[in-house]
Amino acid sequence: MKKYLIATFVIVLLASSVWSFDGNRKGFVLGGGLGFTPSAKWELDGASSVSGSSAGVAVNLMLGYAFDEKNMIVYEANAAGYEPSNSTVLLTQGFEGASWYHYFNDSGKTFFSIVGLGVYNFKADGFNSNDIGGGFMLGAGYEFARHWQISAYLSGGKTSDSLFDYKHTTFSILINGIAF
C-alpha cells in the first residue's frame with residue numbers, strides 16, 4: 001500500500017510540474033535576478049543628518065502564481081548589499097513580501113508594472129538585525145525575451161533597533177529570469 005501511495009504522489013508531482021512550467025505565463029512561476037543598486041539609503045527617523053547612502057549589488061528571488069498571461073502574484077525578496085563610504089561593514093537592506101506583476105501584453109516583448117506590500121529588513125554585518133517594519137515596492141520593466149526581463153525597483157520601509165527608528169529607500173535595476 002505504501003508503494004502505491006508513493007507512486008501516486010510522484011505521478012501527481014510530475015504531472016503538475018508539466019502543467020506549471022510549460023512556457024505559458026499561467027501557473028506556478030519561479031524566478032530570480034541580479035543587478036545594480038545605484039542608491040541604497042538609510043537615515044534615522046526624524047534626523048536626516050544621520051544617514052548613509054551608497055551603491056551596491058542587487059538581487060531578487062520570487063515564487064508565485066500567474067493567473068493568466070498578464071497577471072502574477074509572487075512572494076518576493078528584493079535586497080541590496082553595499083559598503084558605505086568610510087566603512088568596511090557590509091549593509092544589506094530590502095523588501096520582502098507579496099508583489100503583483102501586470103504585463104501589458106502576452107509573453108515576450110512587453111512592458112510591465114510591479115506593486116508590492118510587505119516588510120523591510122536592515123542588517124549590518126557582524127551586528128544583530130534590526131526589527132523589521134512595514135515596506136513597499138514599486139517598479140516597472142520590459143520583458144525583452146520569453147523568460148527574461150529588465151526591471152527597475154523602488155522600495156522603502158522602516159526598521160528599528162532598541163534605540164532608534166530608521167527609514168530606508170532603495171533603487172535597483174535588475175535582469176531577471178523567470179521560469180513559467
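Residues numbered from 1 in each chain as written. Predicted model: local features only at pLDDT ≥ 70, side-chain atom pairs only at ≥ 80, totals over all residues. Heavy atoms only, no water.

A.B. asks: Would you mind going over the overall build of the protein chain with me for this structure?
C.D. replies: When its secondary structure is counted, the protein chain shows one helix and eight strands. Ordered by position from the N terminus, the helices and strands of the protein chain form the series α-β-β-β-β-β-β-β-β. In the protein chain, which comprises 180 residues, the share counted as buried stands at 39%. A separation of at least 24 residues holds for 57% of the contacts in the protein chain among residues at least 6 apart in sequence. Of the roughly 9,900 Å² of accessible surface on the protein chain, 68% is carried by carbon and sulfur atoms. (Helix = DSSP H or I, 4+ residues; strand = E, 2+ residues; numbered from the N terminus. Buried < 20%, exposed > 50% of the residue type's maximum accessible area, 1.4 Å probe, protein only. Contact = heavy atoms within 4.5 Å. Areas by Shrake-Rupley, 256 points an atom, 1.4 Å probe, with all protein chains shown as cover.)

A.B. asks: So what exactly am I meant to see when it comes to the environment of Phe 67 here?
C.D. replies: Within the secondary structure, Phe 67 sits in the loop between β2 (47-66) and β3 (71-82). By relative accessible area, Phe 67 is classed as partly exposed at 49%. Taking C-alpha positions, Phe 67 is 8.9 Å from Phe 28, a pair spaced 39 residues apart along the chain. Each residue touching Phe 67, except ones within four places of it in the same chain, is listed here: Lys 26 and Ile 73.

A.B. asks: Which parts of the structure should I look at to understand the nonpolar core?
C.D. replies: The nonpolar side chains of soluble globular proteins are, as a tendency, buried together. Counting 17 residues, the largest nonpolar core has Val 29, Met 62, Met 72, Tyr 101, Tyr 153 and Ile 178 as the members making the most contacts within it. Sorting the residues of this core by element identifies β2, β3, β4 (91-103), β5 (110-124) and β8 (165-179) as the ones contributing at least two each. Ile 178 has contacts with Val 29, Leu 30, Gly 31, Met 62, Met 72, Tyr 103, His 147 and Gln 149, leaving out every residue within four places of it along the chain. Trp 42, Tyr 82, Ala 124 and Tyr 166 belong to the second-largest nonpolar core, a separate cluster that totals nine residues. (Core = buried A, V, L, I, M, F, W, Y, C linked by side-chain atoms within 4.5 Å.)

A.B. asks: How should I be thinking about the layout of surface pockets in this particular structure?
C.D. replies: Any space left empty among the atoms is revealed by the rolling of a water-sized probe across them. By volume, the largest pocket amounts to about 210 Å³. Looking at the lining of the largest pocket residue by residue, the class counts come to eight nonpolar, two polar and one charged. (1 Å grid on protein atoms, 1.4 Å probe; cavity = no way out; pocket = protein on both sides within 12 Å on 5 of 7 lines; lining within 4 Å. Points joined across faces, edges and corners; volume = space filled by probe spheres on them. Nonpolar A, V, L, I, M, F, W, Y, C, P; charged D, E, K, R; others polar.)

A.B. asks: Please clarify how the pattern of salt bridges should be interpreted in this entry.
C.D. replies: Pairing between side chains of opposite charge can happen when their charged atoms approach one another. Applying the stated rule across the entire model yields two salt bridges. Taking the shortest distance from any N to any O, the salt bridge between Lys 41 and Glu 43 comes out at 3.6 Å. For Glu 43, a relative accessible area of 12% corresponds to the buried category. Taking the shortest distance from any N to any O, the salt bridge between Lys 167 and Glu 43 comes out at 3.4 Å. Residue Lys 167 is located in strand β8, and its partner Glu 43 is located in strand β1 (residues 27-44); the two are separated by 124 residues in the primary sequence. (Salt bridge = Lys/Arg side-chain N within 4 Å of Asp/Glu carboxyl O.)

A.B. asks: Just to check I follow, could you spell out the environment of Gly 177 for this structure?
C.D. replies: Checked against the element boundaries, Gly 177 lands in strand β8. Each C-alpha atom, one on Gly 177 and one on Trp 148, is 4.7 Å from the other, the two residues being 29 residues apart in sequence. Other than its neighbours up to four places away in sequence, Gly 177 contacts Leu 30, Gly 31, Gly 32, His 147 and Trp 148.

A.B. asks: What is the right way to look at the side chain of Thr 110 in this model?
C.D. replies: Structurally, Thr 110 is set in strand β5. For Thr 110, a relative accessible area of 1% translates into the label buried. The residues touching Thr 110, leaving out its near neighbours within four places in the chain, are Tyr 103, Phe 104, Asn 105, Gly 141, Tyr 142 and Glu 143.

These figures come from the coordinates and say nothing about function on their own.
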